Structure formats: C-alpha cells, structure tokens
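# An overview of the molecular structure
Residue strings, one per chain:
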Amino acid sequence: MRRLKRVVEIGKVKIGGNNPIVVQSMTKTKTRDIKRTINQIRRLQNAGCEIVRMAVVNKDDALSLSCIKKSVAIPIIADIHFDYRLALKAIGEGVDKIRINPGNIGEKWKVTEVIKMAKDNNVPIRIGVNSGSLPKSILKKYRHPTPGAIVESVNDAAKIFIKNRFNNIVISAKGADVKDTLSVYKVLNKQFNYPLHIGITEAGLPFRGGIKSAVGSGVLLNAGIGDTIRISLTSDPVMEVVAAYEILNALGLRQHGPILISCPICGRCEVNLARIARRVESRLKKYKNFMKVAVMGCVVNGPGEAREADFGVACGKGVGIIFAKGKEIRRVRETKLVDILFEVIDENVDN
Ligand code: SF4
C-alpha cells in the first residue's frame, strides 16, 4: 500500500503525493565547463530526464549554476558535500533544489545556516545520506555502514531540519548493497512523511548495474516506496534515464516511450531474429510515444504476442507477418520486415 508523502516542488516539478515517480539523473561533466554541462543536460532532457543534479565542488562550479539554469528546460539541483558555503552560493545562484550530505557537512550550525538560506529562498533540500560517507561517530558505533547505522544517520540529520521547522525536504539513503538498501527504505518509509528519492548507488556498469538497480528499485517501487528515482550507472547518463523508464514502464508506474517485446529464440526460429530485434530497437529510439512492439520468432507464441502488442511481427521460414492494433496486416519477406514494420508504425502513430 503506497503511503502518500507530502508534496515538494522542485521548480515546476512536483514530487510526492499522487504525482508520478520522477526520473532524475546527474551530469558527469565538470559543472564549471558550462558548455559541456548544458549539452549533457539537453541530451538528458531529450531522453526524458525530469530533474538533473550536478556536482558543485568549488566556487567556479557554484558560479556557473545560474547560467546553466537559464539554458536548460528542467529544474537543476546542486550536489554539495563537505563545504556548506557552496550550498549557500548555489542557493544564491537560483538552483531549484540542493542535495547535502549532512554526514560530511560538519557541525550542526553549518547545516543550520544552509537551512536558513533555503527557507528564505523557498528552496527544497534533499538529505542525501550514502552508505559510503556516514559520519565518523556513527561508523565508530556500528563499525560498518549497516542499515541501522544508515537509519540513525538520517534521523540525526532530519532532527536538525525538524528543529528548524523546515519541512521542504526529500530524503534518500542509498547504498550499494541491495538488501541493506531495501531494509533502510522500509524503515524510512514508515518513519517519514517526506518524499523519498530511491536507487541503488554505485550500481556498476550498465548491464550488471541495470539488473541490480532493477531489483533494488523495483522491489521498493512495487511496495509503493519511492517518489523519485535515479539509476546510478558507470556510463553515459542518458543510459540512467533509459534504465529508469524501463523499470517504471515494467511496473506500470509510467508510460514512457516504446517497449520492445522480443522472444529469446529457440530451435523453431527460421529467421535471424536477434538482428531483426536489434534493428527494431535501434529504430524505436526516435519514437516518444508509449507503445508495445513485439518481435517474435515463430508461430508458437508469435501471433499471440504480436496481436496483443500495438505492433508486432510473427516470423516463419524467411518471412514475417506484421500485426497492427491486434490485426494481421501483411506477410513480408525477412529482408523487408523491419522497413515495412516501421512504415506501418508511422501510418498509425503521431510522433
Ligand atoms: S516464439 Fe518461437 S522461436 Fe521464439 S522462443 Fe518462442 S517458440 Fe522459440
């Protein structure tokens, strides 16, 4: 059962409450390299990223934020560690949200300074605890970043915000271990009424990292936990956005872009189905519409899946039958199959 959280506004994007799960990513450029950062954010926007975070590690990064904000269409978040003064500068530059890790900001008064300025400027703050950067005192007590240690760290940080009557908060406590992250979020979801940002941090390269993220985030989302998501991959950040929507689409929580259904191939297949599927997947990238496209190897499951999808092909020996909206359209030779499938798609969708 989903527990609705209070709504937090990050620029024009609302998270929490009944709002859709928001997809975010993080730039991988030096933020002070304004041109490259803007280009990367525009690529992320085109892929469907709804809010974007960037590392602010020095004054030059902080002073680049207002220019970046003016040049992009989605809300921007400054990611701050260690130096509370950078958070103050980022707020002054007009960012839509800041993320701080109270565990490494230091004394409480520094966090309080950030809270005061965020309050005056109506800027939300994410309390972003990470298993890899817990305060020394907590690590000393627990010896390892256990779920208990992470929850205690979030609670300690949240107390400072609550004491200052600041409720414009999002909470995250991502870890690299899937089971520990699940345990932590189950507790936080019960404890707090603030929206939760979820994900598995440092998940890895796209294939394994995508699987690990899908397991971790998928379990949480399916339990109704999570208001915004980032898939942390060692890759082009556009892959993070693509992976996030795959997870959300799979759970029926969003409907974003095309979904490819393709069979795993077996001894009954009489076409080069892997090649056909790869070509279909590549050509589908330019479509924004939510639609299901099935690419199936034979008559066993082919016609059934192809009919259920919005568009599909069910192959036979060197041929395929094209389906659209549940109806058989025509029989086509393997060599022409992909081109004709896309002619049919284009006749039926406004992209
Ligand atoms: S659809 Fe046909 S070829 Fe593909 S896996 Fe199923 S039985 Fe095999």
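One can find the structure itself at the top, above this paragraph.
Figured I'd write up the structure that's included with this text. (Residues numbered from 1 in each chain as written. Predicted model: local features only at pLDDT ≥ 70, side-chain atom pairs only at ≥ 80, totals over all residues. Heavy atoms only, no water.)

### A closer look at the environment of C67
Heads up, the condition is: The way it works is that DSSP assigns letters per residue, a run of H or I at least four long becomes a helix, a run of E at least two long becomes a strand, and they are numbered from the N terminus. Two residues form a contact once any of their heavy atoms are found within 4.5 Å.
By the element assignment, C67 lies in helix 2 (residues 59-71). For the pair formed by C67 and K35, sequence separation is 32 residues and the distance between their alpha carbons is 9.9 Å. C67 has contacts with I34 and I38, leaving out every residue within four places of it along the chain.

### Brief notes about unusual backbone geometry
Both trends apply: most residues other than glycine have a negative phi, and most peptide bonds are in trans. Put simply, the rule reads: The buried label goes to any residue with under 20% of its type's maximum accessible area, the exposed label to any with over 50%, and the partly exposed label to all in between, with areas taken from a 1.4 Å probe on protein chains only.
The backbone of E202 sits at a positive phi, close to 50 degrees, despite the residue not being glycine. For E202, the location among the structural elements is in the loop between strand 9 (197-198) and helix 9 (206-222). The exposure class assigned to E202 is exposed, which follows from its relative accessible area of 53%. Phi at K325 takes a positive value of approximately 50 degrees, unusual for a residue other than glycine. Among the structural elements, K325 can be located in the loop between strand 14 (319-324) and strand 15 (327-333).

### Some details on the nonpolar core
Stated formally: We define a nonpolar core as any set of buried Ala, Val, Leu, Ile, Met, Phe, Trp, Tyr and Cys residues linked to one another through side-chain atoms lying within 4.5 Å.
Counting residues in each nonpolar core, the largest one holds 74 residues, and the members touching the most others are I98 and I100. The greatest single-element share of this core, amounting to 8 residues, is contributed by helix 7 (residues 147-163). In this structure I98 touches I77, A78, A87, A90, I91, V114, V123, P124, I125 and R126, once residues within four positions along its chain are discounted. By size, the runner-up hydrophobic cluster in this structure holds 29 residues, among which are M296, A309, L341 and I345.

### With respect to the pattern of salt bridges
Let me state the cut-off plainly: Any carboxyl oxygen of Asp or Glu that lies within 4 Å of a side-chain nitrogen of Lys or Arg is treated as forming a salt bridge with it.
Evaluated as defined, the whole model comprises 18 salt bridges. D339 is the salt-bridge partner of R283, the closest N and O atoms lying 2.6 Å from each other. With R283 in helix 11 (residues 273-284) and D339 in helix 13 (residues 337-348), this pair connects stretches of sequence that are 56 residues apart. A residue is classified by how much of its surface remains accessible, and R283, at 31% relative accessible area, is partly exposed. Judged by its relative accessible area of 33%, D339 falls in the partly exposed class. Residues joined in a network through salt bridges with shared partners are K28, R230 and E240.

### A look at a nonpolar patch on the surface
Selection rule: Patches in this entry comprise residues that are over 30% relatively accessible and not in a salt bridge; like charges within 9 Å are linked, as are nonpolar side chains (Val, Leu, Ile, Met, Phe, Trp, Tyr) within 5 Å. Residue burial considers only the protein chains on display, and all accessible areas are found by Shrake-Rupley using a 1.4 Å probe.
On the surface, F207, I211, V215 and V219 cluster together to form a nonpolar patch covering roughly 380 Å² of accessible area. Relative to the assigned elements, I211 resides in helix 9. You can call I211 partly exposed: its relative accessible area is 44%.

### Considering helix 7
The line we're drawing: What a helix should span is 1.5 Å times the count of its residues minus one.
With 17 residues, helix 7 should cover 24 Å at 1.5 Å per step; its first-to-last C-alpha distance of 24 Å lies within 8% of that length. Within the span of helix 7, buried status applies to A149, I150, V151, S153, V154, A157, A158, I160 and F161. Positioned one or two residues after helix 7, R165 has a phi angle of 50 degrees, which is positive.

### Examining the sheet that holds strand 8 (residues 169-174)
Formally: Strands qualify as paired when DSSP identifies two bridges or more between them.
Ordered by their spatial adjacency, 8 strands build an open sheet running 8-7-6-5-4-3-10-9, and the pairing between neighbours is parallel. The sheet is open, and its two borders are formed by strand 8 and strand 9, each paired with just one other strand. Both strand 3 (residues 22-26) and strand 4 (residues 51-55) contribute to a ladder of 3 bridges, which runs parallel. Along strand 4, the bridge assignment pairs S25 with V52.

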